Amino acid sequence: MSSTIDSILVEDRVFPPSRAAVEGAAVPGMASYKALCDEAERDPEGFWGRLASEHLRWRKPFTRILDESRAPFYTWFEDGELNVSENCLDVHLENGNADKTAIIFEADDGTVESISYRRLHARVCRIANGMKSLGYGKGDRAIIYLPMSIEAIATMQACARLGVTHSVVFGGFSSRSLHQRIVDVGATLVFTADAQLRGGRPIALKPAVDEALAGEGGEIVRKVIVYKRSGADVAWDDGRDVWLHELEAAQSDICEPVAVESEHPLFILYTSGSTGKPKGVQHSSAGYLLWASLTSQWVFDARPGDVFWCTADVGWVTGHTYIAYGTLAAGMTQVVFEGVPTYPDAGRFWEMIQRHKVSVFYTAPTAIRSLIKAAQASPDTHPRRYDLSSLRLLGSVGEPINPEAWIWYYNNVGNGRCPIVDTWWQTETGGHILAPLPGATPLKPGSCTFALPGISAGIVNEAGEDIPNGRGGYLVIKRPWPAMIRNVWGDSKRFKDSYFPPELKGYYMAGDNAQRDSDGYYWIMGRTDDVLSISGHRLGGTEIESALVAHELVAEAAVVGRPDATTGEAIVAFVILKGRTPEGPQAEALARELRDWVASEVGPIAKPRDIRFGNNLPKTRSGKILRRLLRVVAEGQEVTQDVSTLENPDVLKQFSGVY
Ligand code: 6R9
């Protein structure tokens, strides 16, 4: 990370918003931004109360705004009732937007299917009615294990319509990870597909569900609803499995939305923590939706003719807030893409922007970096070869964007005209937290700029005291906000311990290191825990270590990240075997086997890039693995740090071979 941080901190270019970006913007100019911030500062509850009444449709209006009596278990708009799906769909049927395109779906093979708000509403109603006919309703929990599709979004919305809490599991996760989540969340219903299509190949999904449900505790799932995507042969359990198209065919297009309390859990999304087991981040209905919708309007500056494209998968929080909920609530037209950025070639994103006249494009630095490399290698895929004149705004999310990539994105994709909104946020924050407003904020490449109105961010030391600009510390959010995480599903203690350490004065601790420069701009410097960021996806080092140790030949393992020009970080595993330490071809074969093993235990994205074998790990006298030293070794550098706490300082020499 160190080289990225250095280059970030010398960055001093500033890009003020153009007149075109300011005119007609949701928040035009810094004075408007400051006015909102001041309003929130003067009267936080009044500010949120006003926005919640103006932006959401309530079935039962709230009378209370924030309840802090059980902090950090905050509640918002607690006595109000609404329905999230009604706010995302029905409202548009009544405001003249019924025939506006909601989703332009582009399949892996290039087939395009568009659906209007009216037709999406009808599909959601049919799926919801189908769920009802199988006996599901408010208070039930469903796992969604689907590829990127209209069906995935419709299914999430159908759950919301009935008050069924969903937990989406990314299609790249293994049956073991799926099993863990099904059991932890207590799901009685699973949505899946026969297969997903990516990069011209079908990848089976249903077998992973079958395997997960055969595991201990899997029998609580009563029904599996299967979307026929590829037509591949699947094993079928007549009593349990139902085809989505058959279920829908029998249903009416009208399904009355079920009013739920503001705090009713809309979804639970698992994310890696610093210990082995993923955390089920629990979100509310009203507070979450309010912020999802508002940030779509403010940060993406939603305008009537926009075509918005967020390239994330619905398996991640970005796909929840800025595909399935916020952008629909804001009434936007959006592109949903099934495939991968490099198929049939690395020009796919640019070709799609050209084809669908995308005006707002939101992607991750890892994608940008890999497309920069591809454009250098094969000039035909360079964005300048395409007509990208429809673009008005660009966005970045998931990890710090290095200034070099920012400038390339700005010049080559945005043609020097489009502001870039670098949005810092987390699964736990529900929506954007630190981000520019495109019609107001002067941009600095590599900085996510300032906190959004209503968000009281800060940088503090170990004692929770403010740190002056120019010095690094813990990124915190000092006051509660409506879209914040409500709990770790089934583990309130972990919720408190992970996010509200007592020494930080009750502030929400993000787990990131950051600093502000002399102009008050935020610069994110990376995680404070051993969570790795691979292509912008959070993976727990401990999770991968546990998987490695579960292999019969492995005695011990330590996993760290090393900087990688494309994926941000690459996984490096230090492995101690039960038997003799292998070398040469034998070590290569075993490294391959361990990679496949991790892929099947956790998922292909968790595969270690490098494996290094040794006889023992560097540990303190109290037995703590010194990962900071392993990080230096992983980067291929000489260890010059203090090794006095090491039990055996020579231990680092043994890891020279990389497999
Ligand atoms: C939305 C999302 C959260 C972690 C977060 C931070 C990193 C996200 C970033 C960023 C620098 C940005 N992160 N956006 N770092 N600049 N614009 O990614 O959620 O998967 O929970 O990850 O990602 O480290 O703590 P999630």
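Residues numbered from 1 in each chain as written. Predicted model: local features only at pLDDT ≥ 70, side-chain atom pairs only at ≥ 80, totals over all residues. Heavy atoms only, no water.

Asker: Help me get a handle on the site of the ligand, residues and values and all.
Answerer: Among the 16 residues in the neighbourhood of the ligand, the closest are listed as Asp422, Thr423, Thr427, Arg527 and Arg538. A distance of 2.7 Å separates a nitrogen atom of the ligand from a polar atom in the side chain of Asp422. Within the side chain of Thr427, one N or O atom sits 2.5 Å away from an oxygen atom of the ligand. Burial of the ligand by the protein chains amounts to 94% of its free accessible area of 530 Å². Contributing elements (two or more residues each) for the shell around the ligand: helix H12 (317-329), strand E20 (420-423) and strand E25 (522-527). (Near = heavy atom within 4 Å. Polar contact = N/O pair within 3.5 Å; in protein donor to acceptor, adjacent residues only side chain to side chain. Areas by Shrake-Rupley, 256 points an atom, 1.4 Å probe, with all protein chains shown as cover. Helix = DSSP H or I, 4+ residues; strand = E, 2+ residues; numbered from the N terminus.)

Asker: I'd like to hear about the domain arrangement of the protein, residue by residue, with values.
Answerer: For the protein, the domain assignment lists domain 1 (43-84 + 113-281) and domain 2 (530-652). Computed over C-alpha atoms, the centres of domain 1 and domain 2 are 35 Å apart. On the side of domain 2, 14 residues touch domain 1, which itself brings 12 residues to the contact. Summed over both sides, the interface of domain 1 with domain 2 buries roughly 1100 Å², with 46% coming from carbon and sulfur. The interface formed by domain 1 and domain 2 contains one salt bridge. Note that Arg176 is salt-bridged to Glu601, the shortest N-O span being 3.1 Å. Applying the counting rule to domain 1 against domain 2 returns four residue pairs in polar contact (both at pLDDT 80 or more). Here the residues of the side of domain 1 that touches domain 2 sort into two nonpolar, nine polar and one charged. (Domains from an automatic or database assignment. Contact = heavy atoms within 4.5 Å. Buried area = accessible area lost by both parts, 1.4 Å probe. Salt bridge = Lys/Arg side-chain N within 4 Å of Asp/Glu carboxyl O. Nonpolar A, V, L, I, M, F, W, Y, C, P; charged D, E, K, R; others polar.)

Asker: Explain helix H13 (residues 348-356) to me, using residue names and the numbers behind them.
Answerer: Within H13, burial applies to Arg348, Phe349, Trp350, Met352, Ile353 and His356. Directly after H13, the chain includes Lys357, whose backbone phi takes a positive value near 50°. (Buried < 20%, exposed > 50% of the residue type's maximum accessible area, 1.4 Å probe, protein only.)

Asker: With reference to specific residues and values, describe the sheet that holds strand E4 (residues 101-106).
Answerer: As summarised here, the arrangement of the seven strands in space is E5-E4-E17-E16-E18-E19-E20, forming an open sheet in which the pairing is mixed. Where the open sheet ends on each side, the last strands, each with one partner, are strand E5 (112-116) and E20. Neighbour-to-neighbour, the strand axes of the sheet open up by a mean angle of 20°, direction not taken into account. Pairing of strand E16 (residues 307-310) with strand E17 (residues 333-337) involves three bridges; the strand directions are parallel. In the sheet register, Trp309 faces E17, and the bridge partner there is Val335. Relative to E4, helix H7 (residues 150-162) is tilted by about 140°, and along the sheet it contacts E4, E5 and E17. (Pairing = 2+ DSSP bridges. Axes fitted to C-alpha atoms, helices over the stretch in contact; angles between N-to-C directions.)

Asker: Talk me through the environment of Gly24; I want residue IDs and the actual numbers.
Answerer: Relative to the assigned elements, Gly24 resides in the loop between helix H2 (19-22) and helix H3 (29-42). With relative accessibility at 67%, the residue Gly24 sits in the exposed group. Here the alpha-carbon distance between Gly24 and Asp301, two residues 277 residues apart in the chain, equals 9.1 Å.

Asker: Mind laying out unusual backbone geometry, listing which residues take part and the relevant values?
Answerer: The step from Ala71 to Pro72 runs through a cis peptide bond, and the omega angle for that step is 5°. Mapped onto the elements of the fold, Pro72 is located in the loop between strand E1 (66-67) and strand E2 (75-76). A cis amide bond links Tyr343 to the next residue, Pro344, at an omega of 0°. Relative to the elements of secondary structure, Pro344 occurs in the loop between E17 and H13. The backbone phi angle of Phe77 is positive, close to 55°, even though this residue is not glycine. Among the secondary structure elements, Phe77 is positioned in the loop between E2 and strand E3 (81-82). Accessibility expressed as a relative area gives 0% for Phe77, which makes it buried. Of note, Asn415 is a non-glycine position whose phi angle comes to about 50°, a positive value.

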